[in-house]
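Spelled out, the chains give:
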Amino acid sequence: MQRIPKETSVNLAVDLGGLAMKNPVTTASGTFGAGMEYHDFVDVAALGAVTTKGVSLHGWEGNASPRIAETPSGMLNSIGLQNPGVAHLKEVELPWLASIGATAMVNVSGHSFDEYVAVIEALYHMDKLGLEGALIRAGGSPVAFSLGGLITPEVFDVNFEKAFGDIQGAYPAINREMARLVRARHPQVKWLNREDDLGLEGLRRAKLSYYPDLLLEKYTARKPLD
Ligand SMILES: Cc1cc2nc3c(=O)[nH]c(=O)nc-3n(C[C@H](O)[C@H](O)[C@H](O)COP(=O)(O)O)c2cc1C
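Since we're looking at a predicted model, the values are computed, not measured.

Looking at the secondary structure, you find Asn83 in the loop between strand 5 (74–77) and helix 1 (86–99). Distance in space between the C-alpha atoms of Asn83 and Ser109 is 9.6 Å, their sequence separation being 26 residues. Apart from the residues lying within four places of it in its own chain, the contact partners of Asn83 are Lys53, Gly54, Val55, Ser56, Gly59 and Trp60.

Structure, rendered in structure tokens:
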């Protein structure tokens with residue numbers, strides 16, 4: 001049952017560098033997700049802001065287990081900033097926070113300065129990239145989603161495919177639904193370009209299980225400084 005905060009006539013509103021907050025209370029990043037799981041118990045919109053879990057560009061799987069250890073004085077954790085990536089935040093969590101009237105403060109992660117910048121740019125400009133996608137929910141909660149866009153009239157580029165790996169069938173289901181959606185919306189498309197798997201063994205195996213027609217060589221281009 002949700003706890004309803006008491007009304008007060010005291011104005012606790014603060015302006016944090018241009019972010020209007022109802023009060024100066026926010027959550028510690030990583031301890032509260034984006035608040036969805038807590039909303040049954042506490043009115044998340046009553047917080048000054050929800051500081052969301054650290055988000056990176058393409059999502060990170062986090063560290064290998066064990067990632068948690070008990071100590072006499074508490075718990076040590078080293079999760080490795082596991083997160084589903086900025087597209088999920090933008091498509092699922094931020095709209096949900098907005099729909100309940102909550103204020104969001106986004107915590108950004110990256111391995112390089114450029115990745116930090118790319119995450120922030122993605123947050124600002126995602127709509128302009130003309131991306132479209134699919135989301136699968138189970139029991140009301142998101143379990144898988146995919147995002148992509150046309151790069152030529154005949155090639156649809158799937159930028160992200162994310163699912164909870166422990167939910168059996170979630171990955172095949174989102175891949176199938178995305179392919180169906182592309183077929184329905186863009187009947188002229190002949191190729192699905194399923195992007196980068198970072199060469200990670202599990203992801204590469206999963207992608208090969210779809211018997212791709214072609215694996216493209218990747219190159220990095222660098223512009224020399226003048
Ligand atoms: C389970 C867990 C997950 C966390 N995830 C993040 C995270 O995603 N990003 C981040 O900046 N900090 C993360 N933190 C750090 C907390 O935000 C941090 O502990 C909190 O701000 C309190 O600050 P302090 O530990 O310096 O006192 C995490 C902490 C815990 C316990």
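Once the structure has been displayed, the description carries forward.
Let us look at the site of the ligand. Near the ligand you find Ala28, Ser29, Gly30, Thr31, Lys53, Gly54, Asn77, Ile79, Leu81 and Asn107, and these make up its full shell. Split by residue class, the shell around the ligand holds three nonpolar, six polar and one charged.

When cut into domains, the protein chain gives domain 1 (13–65 + 75–129) and domain 2 (130–216). In this assembly, ten residues from domain 1 lie in contact with ten residues from domain 2.

Sheet topology places strand 4 (residues 68–71) next to strand 5; four bridges connect them, and they run antiparallel. The partner of Ala69 across the bridge, within strand 5, is Leu76. With antiparallel pairing between neighbouring strands as the criterion, strand 4 and strand 5 make up a hairpin whose turn holds two residues.

Attention shifts here to the sheet that holds strand 7 (residues 132–138). Judged by pairing direction, the sheet is mixed, and its four strands sit side by side in the order 7-8-9-10 without closing on themselves. Each edge of the open sheet carries a strand with a single partner, namely strand 7 and strand 10 (191–194). Ignoring which end each strand starts from, the neighbouring axes of this sheet average 25° apart. Of the pairings in the sheet, the one linking strand 9 (residues 155–163) to strand 10 comprises four bridges and is parallel in character. Opposite Val155, over in strand 10, you have Trp191 as the bridge partner. Across the face of the sheet, helix 1 comes into contact with strand 7, strand 8 (141–152) and strand 9 while running at roughly 115° to strand 8. Packed onto the sheet, helix 3 (residues 170–185) meets strand 7, strand 8, strand 9 and strand 10 and runs at close to 40° relative to strand 8.

Calculation criteria
- Residues numbered from 1 in each chain as written.
- Predicted model: local features only at pLDDT ≥ 70, side-chain atom pairs only at ≥ 80, totals over all residues.
- Helix = DSSP H or I, 4+ residues; strand = E, 2+ residues; numbered from the N terminus.
- Contact = placed C-beta atoms within 7 Å.
- Near = placed C-beta within 6 Å.
- Nonpolar A, V, L, I, M, F, W, Y, C, P; charged D, E, K, R; others polar.
- Domains from an automatic or database assignment.
- Pairing = 2+ DSSP bridges.
- Axes fitted to C-alpha atoms, helices over the stretch in contact; angles between N-to-C directions.

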